[in-house]
Amino acid sequence: MSPKLDADDLERYARHLMLPEVGPDGQNKLRAGRVLCVGAGGLGSPVILYLAAAGVGHLGIVDADRVELSNLQRQVLHGTPDVGRRKTHSARSALRRLNPGVEVRIHPVRLEAANARRLVEPYALVVDACDNLPTRHALNEAAVALRKPIVYGAVHRFTGQVGVLAPHWGGPCYRCLYPEPPSPDELPEPARDGGPVGVVPGLIGVLQAAEVLKLLLGSGRTLLGRLLEVDVWSLHCRELKVRRDPECPCCGSRARPTPGPSPHVSHRSGQRTAGAPHHSRHAG
Ligand SMILES: [Zn+2]
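Residues numbered from 1 in each chain as written. Predicted model: local features only at pLDDT ≥ 70, side-chain atom pairs only at ≥ 80, totals over all residues. Heavy atoms only, no water.

1. Observations regarding the overall build of the protein chain
Using the following cut-off: Segments assigned H or I by DSSP are reported as helices when at least four residues long, segments assigned E as strands when at least two residues long, and all are numbered from the N terminus. Under the scheme applied here, a residue whose accessible area is under 20% of the maximum for its type counts as buried, over 50% as exposed, and between as partly exposed, the area being computed with a 1.4 Å probe on protein chains only. Residue contacts follow a heavy-atom distance rule, with two residues in contact if any of their heavy atoms lie within 4.5 Å. Using a 1.4 Å probe, accessible areas were evaluated by the Shrake-Rupley method; residue-level cover was limited to the displayed protein chains.
Counting its secondary structure elements, the protein chain contains 10 helices and 8 strands. A burial count over the protein chain gives 51% of its 284 residues as buried. At a minimum sequence separation of 6, the contacts of the protein chain that also span at least 24 residues come to 71%. Total accessible area computed for the protein chain in this model is approximately 12,900 Å², and 54% of it derives from carbon and sulfur atoms.

Printed below as a string of structure tokens:
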């Protein structure tokens, strides 16, 4: 993107520019934003679409899968003609249609321990929109080591959860919340369990995109220190206070809370265990 807002930008982002919380300065912050979205599926679809629409200037997309017909019930980033294409390539095509001013880098690989740091390093923050626990743990470990915040989301059937994970800002990492990996029989099996209902990752992904925008803008109150759970079928929400575990096997011995680059982020200490859901129910 060009360094100054041009006439097209002024029109495209007119509704942002009128908001005191965004305005031209905020729009330029979004344009300078570098965000990696891990997963271009149910959660990644709204994340990627809304961040591109909002003018986040540099988007990375990691996904090793190809579009399947059964994905389209919820993965609205892709269309019927995309079945069989790599999700990264389909996503890039969609973003070119939506906002050609966004620089899109695609990574058609599975994020794992061996490549996680290399993938995460160029970005200011990361969206966890993945659908499996090995990727989630590898991403968490890399983000903790590189001191990058994760905007986390996960879904299961009719429920979802969303939060901001950043030990270097005083919040928890994923393993602070879920220290132990689940046993195999606790792992969700969408093929057996069904779901999620397509609107659930839609809703959670939109909330993740909103967290990214607030972090990039340095405005609003983020979910750092809070985990929001939503049951779409009863439309019941609950907010859990979560905090960093000093004994965490991932961030406990290394990460020290420091004044982060987003001092607007409000911290609320609290107990992490009270009613915390088991992650095996929320694989993504
Ligand atoms: Zn931790």
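2. Quick word on the coordination of the zinc ion
We apply this condition: Note that water is not among the atoms used; donors are N, O and S atoms within 2.8 Å of the metal (3.2 Å for Na, K and Ca), so sites may look incomplete. For a four-donor site, all angles between 85 and 135 degrees give tetrahedral; for four or six donors, opposite pairs above 155 degrees with the remaining angles between 65 and 115 give square planar or octahedral; all remaining cases count as irregular.
The zinc ion binds to the protein through Cys 173 (SG), Cys 176 (SG), Cys 248 (SG) and Cys 251 (SG); the donor distances cover 2.3 Å. Classification of the site at the zinc ion rests on its 4 donor atoms, whose angles at the metal span 93 to 120°, yielding the label tetrahedral. In the primary sequence, the donor residues of the zinc ion line up as C-x2-C-x71-C-x2-C. An identical accessibility class is assigned to Cys 173 and Cys 176; each is buried.

3. Details of the packing of helix H4 (residues 44-54) against helix H10 (residues 199-217)
Condition: Here an axis means a line fitted to C-alpha atoms, over the contact stretch when the element is a helix, while the angle between two N-to-C directions is reported on a 0 to 180 degree scale. Orientation categories follow fixed angle ranges, with anything under 35 degrees roughly parallel, anything over 145 roughly antiparallel, 65 to 115 roughly perpendicular, and all other angles oblique. For a crossing to be left-handed, the near helix must be turned anticlockwise from the far one by less than a right angle; the clockwise case is right-handed.
The N-to-C vectors of H4 and H10 enclose an angle of 40°; their axes lie 8 Å apart at closest approach. One finds that H4 runs oblique with respect to H10. In terms of crossing hand, the pair formed by H4 and H10 is right-handed. In this structure, H4 contributes Pro 46, Val 47, Tyr 50, Leu 51 and Ala 54 to the contact, and H10 contributes Pro 201, Gly 202, Gly 205, Val 206, Gln 208, Ala 209, Val 212 and Leu 213.

4. Structural notes on the sheet that holds strand S8 (residues 236-241)
For clarity, the cut-off: At least two bridges found by DSSP between two strands are what make those strands a pair.
On the basis of which strands lie adjacent, the open sheet formed by 8 strands has the order S3-S2-S1-S4-S5-S6-S7-S8 and mixed pairing. In this open sheet, the two edge strands, each paired with only one partner strand, are strand S3 (103-107) and S8. Each adjacent strand pair in this sheet contributes to an overall mean axis angle of 15°, direction not counted. As paired strands, strand S4 (residues 125-128) and strand S5 (residues 150-156) are joined by 3 bridges and run parallel to one another. Considered in S5, the bridge of Val 126 is made with Ile 150. Running at roughly 165° to S5, helix H7 (residues 133-146) makes contact with strand S1 (34-38), S4 and S5 of the sheet.

5. Side note on the pattern of salt bridges
Formally: We define a salt bridge as a side-chain nitrogen of Lys or Arg found within 4 Å of a carboxyl oxygen belonging to Asp or Glu.
Counted under the stated rule, the structure contains 6 salt bridges. For Arg 136, the salt bridge identified is with Asp 128, shortest N-O distance 2.7 Å. Note on Arg 136: relative accessible area 1%, which makes it buried. For Asp 128, a relative accessible area of 2% puts it in the buried group.

6. As for the nonpolar core
Quick reminder of the rule: What makes a nonpolar core is a set of buried Ala, Val, Leu, Ile, Met, Phe, Trp, Tyr and Cys residues whose side-chain atoms join them at distances within 4.5 Å.
Core analysis: the biggest nonpolar cluster contains 41 residues, and Val 35, Leu 51, Leu 59 and Val 212 have the highest contact counts within it. If near-sequence neighbours (up to four positions away) are discounted, Val 35 is found in contact with Leu 51, Val 56, His 58, Leu 59, Gly 60, Tyr 123, Leu 125, Val 127, Val 212 and Leu 216. In this structure, Leu 111, Ala 142, Ala 143 and Leu 165 belong to the second largest nonpolar core, which totals 25 residues.

7. Some remarks on H4
Along H4, 8 of the 11 residues are buried, which leaves the element largely enclosed by surrounding structure. Within H4, the full set of buried residues consists of Gly 44, Ser 45, Pro 46, Val 47, Ile 48, Leu 51, Ala 52 and Ala 54. Positioned one or two residues after H4, Gly 55 has a phi angle of 95°, which is positive.

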